[in-house]
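Below, each chain spelled out in residue letters.
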Amino acid sequence: MTSSLPPPPPPPPRLGEPGRLSGRPPPRYPSWLRWGLGDFWIATGIFLLVGVVLGAIVIFDNRDSLMDSQGVTISAAWITALIAIPPLLQVAYVVLAVRRKGRGIFSDLAARFKPVDLAVGMLLFLVGITLATLVALAMESLFGISPTAAVVDLIQDGDGTTPGISGWTVLLAVLVALFIPVIEEIVYRGLLWSALEKRGMGETAVLIASSLIFAAIHLEPARFPILFVLGVALGFGRIRTGRLGPCITAHVCLNSVGMIALLATL
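Trainee: Could you give an account of unusual backbone geometry, naming the residues involved and the relevant values?
Mentor: In the Ramachandran plot, Ala110 falls in the positive-phi region, its phi being about 60° despite a non-glycine side chain. Locating Ala110 in the fold gives a position in the loop between helix H4 (105-108) and helix H5 (116-143). Look at Leu219: it is not a glycine, yet its phi comes out positive at around 55°. Within the fold, Leu219 resides in the loop between helix H8 (203-217) and helix H9 (224-241). Taking the relative accessible area as the measure of exposure, Leu219 reaches 62% and is therefore exposed.

The structure is reproduced here in C-alpha cells:
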C-alpha cells in the first residue's frame, strides 16, 4: 500500500546560496532577454562622457579667468545642467534599452512600488543615515576628513552673482532630492543589480558589487565609504521586497535631508 503523505518540503537555502538574505529562490530571467551588463556600461559611458563634455564647455567659457589664474566660477544654471543632464541621458538609454531588449523596467528591473514601500523605505532611511553618520564621524576622528557631497560644494563655490537662494538653486535642489534618486535606483539597484543576477551572481555578492560600483561612479573618493554603506542599506530594500520602491523612498529621503540642510545655509 503506497503512502499518501505529501512529499517533504525542500530544505531552506544554505549559507552562501542565492536567496539566503531574502528567503526567496533566485529570480529567473528568460533566456531571450538581451539586455545586460553591456547596457549598464554603455549607460555609464554616456553619463561620464556627457559630464566631461559639459565640464569642458564650462572651462572653455571661463578660459579668460583661467588665464588670469582666477579659477573657474560656475553659474547656478550651469551647475543644474552638470547635475541633471548626464543622469537624464543615462536613464533614458536604460529605459529604451530594456524596453527594446526585454519586457521593460517594471518587469525586468523591479521598478515597482507598493504602499508598504513607504514604511520600508523610511526604515532604510533611518538605518542608512545612521550608518553614514557613524562612518563620517569615524573618518573625521581617524583622518580629519569631513567629506561633503560634490553638489553641495558646487553650489557653495558658485559664481556668487546671486546671493541667497535663487530659482536655479531651488530647481537644482528639487532635482537632486526627487529625480536623481529615482534615476540612480533604476540604474544601480535596477539595471546593474538585475544584470548581475542574470549572470548567476548570488544576492550577497550582488549587494556588495552594486554598492561598490555605486560609490565609485560618484567620483568622490572622500565620500566613498559613506556612499558604500548607503548603497548597502538601499540594496536591502530590493533584497527584502524584490522591488525598487523602498530603495527609491529611502534615497529620496536621504537626498531631501541634504538639500533642505543646504538651502537652510544659503
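After that view, the rundown keeps rolling.
Trainee: Could you give an account of H8, with specific residues and numbers?
Mentor: For H8, built from 15 residues, the straight-helix expectation of 21 Å at 1.5 Å per residue is met to within 8% by its first-to-last C-alpha distance of 21 Å. Of the residues flanking the end of H8, it is Leu219, one or two places downstream, whose phi is positive at about 55°.

Trainee: Give a description of the packing of aromatic side chains that names residues and reports values.
Mentor: Within this structure, the stated rule accounts for four aromatic pairs. Note on Tyr29 and Trp35: the rings are 5.9 Å apart at their centroids and 90° apart in plane angle, and the pair reads as edge-to-face. Taken as a pair, Tyr29 and Trp35 share a single burial class, namely buried. Measuring from ring centre to ring centre gives 4.9 Å for Phe40 and Trp41, while their planes differ by 70°; the resulting arrangement is edge-to-face. Relative accessible area serves as the criterion here: at 45%, Trp41 is assigned to the partly exposed category. Among the aromatic residues, those joined into a ring-pair cluster are Phe40, Trp41, Tyr188 and Phe214. Lying over the aromatic face of Phe214, Arg189 brings its terminal NZ or CZ to 4.3 Å of the ring centre. The ring of Trp35 has Lys198 lying over it, and the distance from NZ or CZ to the ring centre is 5.3 Å.

Here is what the cut-offs are and how they apply
- Residues numbered from 1 in each chain as written.
- Predicted model: local features only at pLDDT ≥ 70, side-chain atom pairs only at ≥ 80, totals over all residues.
- Heavy atoms only, no water.
- Helix = DSSP H or I, 4+ residues; strand = E, 2+ residues; numbered from the N terminus.
- Buried < 20%, exposed > 50% of the residue type's maximum accessible area, 1.4 Å probe, protein only.
- Expected span 1.5 Å × (residues − 1).
- Phe/Tyr/Trp six-rings, centres within 6.5 Å; stacked < 30°, edge-to-face > 60°.
- Lys NZ or Arg CZ within 6 Å of the ring centre and 35° of its normal.

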